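Read off the chains here:
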Amino acid sequence: MKVSVQPEPFDLGAELAGFGAGRSDVGAVVSFTGVVRDDSGAMEALELEHYPGMTQRAIAQIVDQAVTRWDLADVIVIHRHGRLGIGEQIMMVATAARHRAAAFEAAEFLMDYLKSRAPFWKKEHGRDGTSWVVAKDEDEDALKRW
Amino acid sequence: MKVSVQPEPFDLGAELAGFGAGRSDVGAVVSFTGVVRDDSGAMEALELEHYPGMTQRAIAQIVDQAVTRWDLADVIVIHRHGRLGIGEQIMMVATAARHRAAAFEAAEFLMDYLKSRAPFWKKEHGRDGTSWVVAKDEDEDALKRW
Amino acid sequence: MMVDVLYFAWVRERIGLPREQIETQAATVNDLVAELRAREPRYEAAFADLTALRVALDQELATFDSPLADVREVAFFPPMTGG
Amino acid sequence: MMVDVLYFAWVRERIGLPREQIETQAATVNDLVAELRAREPRYEAAFADLTALRVALDQELATFDSPLADVREVAFFPPMTGG
């Protein structure tokens, strides 16, 4: 299990190389990577604020829930904070399991919870000023399926 | 879009590096990697037979269905054949989309269809002999959700 | 007409060859299967349970009642286990 | 009692500071919010709509009717937008 909250970029390939390796019971590895998108065409950067004392622990609790619920051989969560440019990686999740259903479900569960329960706040910096990203009702609703 | 059917190993990290890059409309990248598992503790290798004339085309058709159904910026499917050792990567799928739901759903759709509609057959080589892997009813059932 | 008939996985092993050319007047896949089963016990064994088999015509999945007109390649195999 | 009160995102911007120490006798989060709103218009503005706010007590998500007994750190922020 690895949880990291960091301003630095991460290397997805390096993180996945060797993930779940050396175990004969891993048949499925799923990864998710979140990337800074520019929907308006006027965005310059995305700034991620977080709650330093709480973030690491909140993510670890979400990972614990996933591990309790699915039979996972390994999990990675890396979440960046600070100012990120368009196309930069914001965060990643990886799950290793015996079967694909568990690996997919656990990765989606982790994403749904990280989205609405990990203390991060996104602010868009654009040519026309700044604005806080508003949490979507559908992200809160997504938690209900678990 | 990339579809490759090959006996050689692939480099997951190298495939994902730059996948969906240079586009400002990609917010989510999902990857799945299938790995040779040893459930019995007596397996020595997994052999994948395929139907050379049909495989590439069958996979391309499955990818076309996914692209029609979800708004995907890019897709990778790599599937190996031949003899693979425990822990070796069998295949990978990657999807790039604006939002996470589309990236996850399309990756799961691709996996469900590759499992039951791409012409591959797995044979387990173990200390106690060889046996063909039998398709599971649940894999056929998994197609019904799409 | 002449068709290439291909066998994969345990169908190939049971029949003992990966492909053969067959001269047939079969109208459907089912008719072709009946001709093959009549040949020898190894074919009879391979085609004993059609629910355990799949068929592709010219490299597209098809059903056993599909017509064979203009088909050049018929492949028989067990349910696929990719991924 | 003394509590550390932390503000994040637009709550921090609206109040104009990231954290402060407050001496309070508030029994619940709601009581603390009432005290803060009575202070100055910028607090009144930040806490105008509690449905747009979340609260954490000692770095665990909580509700506005939670008791404050033994709590040392209270954080107010909008719904989270991680991932």
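Residues numbered from 1 in each chain as written. Chains lettered and ligands numbered in written order. Predicted model: local features only at pLDDT ≥ 70, side-chain atom pairs only at ≥ 80, totals over all residues. Heavy atoms only, no water.

For chain A, the name recorded in an unreviewed UniProt entry is Molybdopterin synthase catalytic subunit, with Thioclava indica as its organism. Regarding chain A, the relevant UniProt record gives this comment under Catalytic activity (unreviewed entry): "2 [molybdopterin-synthase sulfur-carrier protein]-C-terminal-Gly-aminoethanethioate + cyclic pyranopterin phosphate + H2O = molybdopterin + 2 [molybdopterin-synthase sulfur-carrier protein]-C-terminal Gly-Gly + 2 H(+)". (UniProt positions renumbered as here; feature names shortened; annotations may be inferred.)

**Student:** Would you mind showing me how to read the relation of the copies chain B and chain A here?
**Tutor:** Look at the two chain copies: a rotation about an axis and a shift along it is all it takes to match them. Once chain B has been moved 0.0 Å along the axis and rotated by 180°, it coincides with chain A to within an RMSD of 0.0 Å. What the superposition gives is, in effect, a two-fold axis relating one chain to the other. Within chain B, the C-alpha atom positioned nearest to the axis of rotation is that of glycine 13 of chain B, 1.7 Å from it. The fraction of interface residues of chain B whose copies in chain A are also interface residues reaches 100%, indicating that both copies meet through the same surface. (Least-squares fit on C-alpha atoms with pLDDT ≥ 70 in both. Contact = heavy atoms within 4.5 Å.)

**Student:** Hey, could you run me through the interface of chain B and chain C in this one?
**Tutor:** Interface size is commonly expressed as the accessible area that is lost once the parts come together. Every contact between the two is made by 26 residues of chain B and, on the other side, 21 residues of chain C. When the buried surface of chain B facing chain C is broken down by residue, Tyr51, Trp121 and Trp132 of chain B rank first, second and third, together holding 33% of it. Our count for the chain B to chain C interface comes out at two salt bridges. Those elements giving two or more residues to the side of chain B that touches chain C turn out to be β3 (43–50), α2 (52–69), β6 (89–97), α3 (100–117) and β7 (120–126) of chain B. Looking at side-chain class alone, the side of chain B that touches chain C contains 15 nonpolar, five polar and six charged residues. (Buried area = accessible area lost by both parts, 1.4 Å probe. Salt bridge = Lys/Arg side-chain N within 4 Å of Asp/Glu carboxyl O. Helix = DSSP H or I, 4+ residues; strand = E, 2+ residues; numbered from the N terminus. Nonpolar A, V, L, I, M, F, W, Y, C, P; charged D, E, K, R; others polar.)

**Student:** Any chance you could explain the side chain of serine 116 of chain B here in plain terms?
**Tutor:** With respect to the helices and strands, serine 116 of chain B occurs in helix α3. Polar side-chain contacts of serine 116 of chain B include one of 3.5 Å to the backbone oxygen of aspartate 139 of chain B. Residues in contact with serine 116 of chain B, not counting those within four places in the same chain, are Asp139, Glu140 and Leu143 of chain B together with Met80 of chain C. (Polar contact = N/O pair within 3.5 Å; in protein donor to acceptor, adjacent residues only side chain to side chain.)

**Student:** Is there a simple way to explain the interface of chain B and chain A in this structure?
**Tutor:** In this complex, chain B contributes 32 residues to the contact, which on the side of chain A involves 32 residues. Both faces combined, the contact of chain B with chain A buries some 2,600 Å², and carbon together with sulfur accounts for 54% of it. Its largest share of buried area at the contact with chain A, chain B owes to Arg37, Arg100 and Phe104 of chain B, together 27% of the area lost on that side. Counting across the interface, chain B meets chain A through six salt bridges. Residue aspartate 139 of chain A pairs with arginine 100 of chain B through a salt bridge whose shortest N-O separation is 3.2 Å. Put simply, chain B and chain A have 15 residue pairs in polar contact (both at pLDDT 80 or more) between them. Elements with a minimum of two residues in the side of chain B that touches chain A: α1 (12–16), β2 (28–35), α3 and α4 (137–142) of chain B. With eight residues, β2 of chain B is the largest single contributor of residues to the side of chain B that touches chain A. When its residues are assigned to classes, the side of chain B that touches chain A shows 14 nonpolar, seven polar and eleven charged. Taken together, the seven bridges between strand β2 (residues 28–35) of chain A and β2 of chain B define a ladder with antiparallel strand orientation. Looking at the pairing, alanine 28 of chain A lines up with glycine 34 of chain B of β2 of chain B. (Pairing = 2+ DSSP bridges.)

**Student:** Even after reading the chapter, I still don't get the environment of isoleucine 86 of chain A, so can you show me in this structure?
**Tutor:** Along the polypeptide, isoleucine 86 of chain A turns up in the loop between β5 (82–84) and β6 (89–97). With 41 residues separating them along the chain, isoleucine 86 of chain A and alanine 45 of chain A place their C-alpha atoms 6.1 Å apart. Contacts of isoleucine 86 of chain A, omitting those with residues within four sequence positions, involve Val36, Arg37, Asp38, Met43 and Glu44 of chain A together with Ser24 of chain B.

**Student:** What is the right way to read the sheet that holds strand β1 (residues 2–7) of chain C from this model?
**Tutor:** In any sheet, the strands associate via hydrogen bonds between backbone groups, in a parallel or an antiparallel arrangement. Residues and elements named next belong to chain C. Overall, mixed pairing links the five strands, which are arranged β2-β1-β5-β3-β4 in an open sheet. Edge positions in the sheet fall to β2 (19–23) and β4 (60–62), since each has one partner strand and no second. Along the sheet, successive strands turn relative to each other by an average axial angle of 30°, direction set aside. When strand β3 (residues 54–57) meets strand β5 (residues 73–77), the two strands line up antiparallel, connected through four bridges. Bridge pairing in β5 links alanine 56 to alanine 75. Its contacts with the sheet place helix α2 (residues 29–37) against β1, β2, β3 and β5, and it is angled at close to 70° to β5. (Axes fitted to C-alpha atoms, helices over the stretch in contact; angles between N-to-C directions.)

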